[in-house]
Amino acid sequence: METNHANGIDGIDGVDSVDGTALRTALWRALHVRVDPAPHVLADEIGLRLAAPGAGWTRRPDMDPSRTSRTRASIVARARFIEDLVVEKAGEGVTQYVLLGAGLDTFAQRRPGTAAGLRVFEVDRPATQAWKRRRLTELGLGVPEWLRLVPVDFEEGPSWWERLVAAGFDPARPAVVACAGVLMYLTREAAAATLSQVAKLAPGSTLATTFMLPLDLVAADERRALDATRKAAQAAGTPFVSLYSPREMLDLAHETGFGEARHVSATAFAERYFAGRADGLRPSSAEELLVATVQGPPRTP
């Protein structure tokens, strides 16, 4: 866990309870609005309000506009894709949305018109959830009845699935489950267990999860920076444990019980959200996405 000083967050009690990656993700999303010209792939500064990093946050080394441009683009692209998917599935009658490792996600606050028609479950560590609940209250945003902040200790105690059901999730009804920026920190066995659990949901349920590519599949001009990022993560005690090729990810989805799975490449993100930009902003080639759908009769969770 990074400290208050390391995260560069000033004046907010308990912010050291929040994972540093979650804080950086929120700040990168805000940085996209601050430094990249319109049109913005995702307009999100609520996470910045939650974190309240102080006036100098844009001068942090990890917020360097040029050096972090591709990571920043990937962060907003994956969030936009998942939110587009949620809106699409809500239009088809899906009423449950689960975010595993939710961090400082702000879908519920930015899109209340859509979110209020769903039951939104944000799953994360107890300290993070307690801090986020307090900050939402302090900012006057509150936690409406349809938003469930689900605290889970991923290392001991009841499983995330047990906590999710206890929070009001209905396994008999379809859901969208999002898992962004998580799988690289899990062993393949833990990732398979997570996918297997989601694959047992009601037919029509959809999983959207990001995954990191092995270094040899990353664009050559990004490999040095990515290798440095992985070494920094290792030194910080949060190593990248599992990397997958698209084929391996598709195979894992089928092995764990999904009837249908498709790979969404970084190139597809670039074509969908960044085409025609004069600034040349484009997502990193290091992170891609899997969309998997539950088909057939539900299995026993």
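Calculation notes
- Residues numbered from 1 in each chain as written.
- Predicted model: local features only at pLDDT ≥ 70, side-chain atom pairs only at ≥ 80, totals over all residues.
- Heavy atoms only, no water.
- Helix = DSSP H or I, 4+ residues; strand = E, 2+ residues; numbered from the N terminus.
- Buried < 20%, exposed > 50% of the residue type's maximum accessible area, 1.4 Å probe, protein only.
- Areas by Shrake-Rupley, 256 points an atom, 1.4 Å probe, with all protein chains shown as cover.
- Lys, Arg positive; Asp, Glu negative; His and termini not counted.
- Charge placed at Lys NZ, Arg CZ, Asp CG, Glu CD.
- pLDDT = per-residue confidence, 0-100.
- Contact = heavy atoms within 4.5 Å.
- Phe/Tyr/Trp six-rings, centres within 6.5 Å; stacked < 30°, edge-to-face > 60°.
- Pairing = 2+ DSSP bridges.
- Axes fitted to C-alpha atoms, helices over the stretch in contact; angles between N-to-C directions.

J.: How should the overall build of the chain be read in this particular structure?
T.: Secondary structure summary: the chain contains twelve helices and seven strands in total. Viewed in the frame of its principal axes, the chain has a C-alpha envelope of about 50 × 45 × 40 Å. For the chain, the proportion of its 301 residues judged to be buried stands at 50%. Of the roughly 13,200 Å² of accessible surface on the chain, a fraction of 52% belongs to carbon and sulfur atoms. Here the chain carries 35 positive and 37 negative side-chain charges, and the mean point of each set is 3 Å from the other.

J.: Sorry if this is basic, but what is going on with the confidence of the model for the chain here?
T.: Note that predicted coordinates carrying low pLDDT should not be read in detail. On average, residues of the chain score 91 in pLDDT, and 93% of them are at 70 or above. Note that pLDDT drops below 50 for residues 1-12; the model gives that stretch 31 contacts with residues more than four away or on any other chain.

J.: What exactly am I supposed to notice about the packing of aromatic side chains here?
T.: Think of a pair of aromatic rings as described by two things: how far the centres are apart, and how the planes are tilted against each other in angle. In this structure the tally under the stated criterion is six aromatic pairs. With centroids separated by 5.6 Å and ring planes inclined at 75°, the aromatic side chains of Phe-121 and Phe-169 adopt a geometry described as edge-to-face. Here Phe-169 lies in the loop between helix H8 (160-166) and strand S4 (176-179) and Phe-121 lies in strand S2 (residues 119-124), a separation of 48 residues in the sequence. Just as Phe-121 is buried, Phe-169 falls in that class too. Between Trp-160 and Trp-161, the aromatic rings sit 6.1 Å apart at their centres with planes inclined by 85°, giving edge-to-face as the arrangement.

J.: Which parts of the structure should I look at to understand the sheet that holds strand S7 (residues 287-293)?
T.: The strands that make up a sheet pair up through hydrogen bonds in the backbone, lying either parallel or antiparallel. In spatial order, the strands read S3-S2-S1-S4-S5-S7-S6; together these seven strands make up an open sheet with mixed pairing. Among the strands making up the open sheet, the edge pair consists of strand S3 (147-151) and strand S6 (260-264). Within this sheet the neighbouring strands show an average axis-to-axis angle of 15°, counted without direction. As defined by bridge partners, strand S1 (residues 96-100) adjoins S4 across three bridges and the pair is classed as parallel. Opposite Tyr-97, over in S4, you have Val-176 as the bridge partner. The strands touched by helix H7 (residues 126-138) are S2 and S3; relative to S2, the strand with the most contacts, the crossing angle is about 130°.

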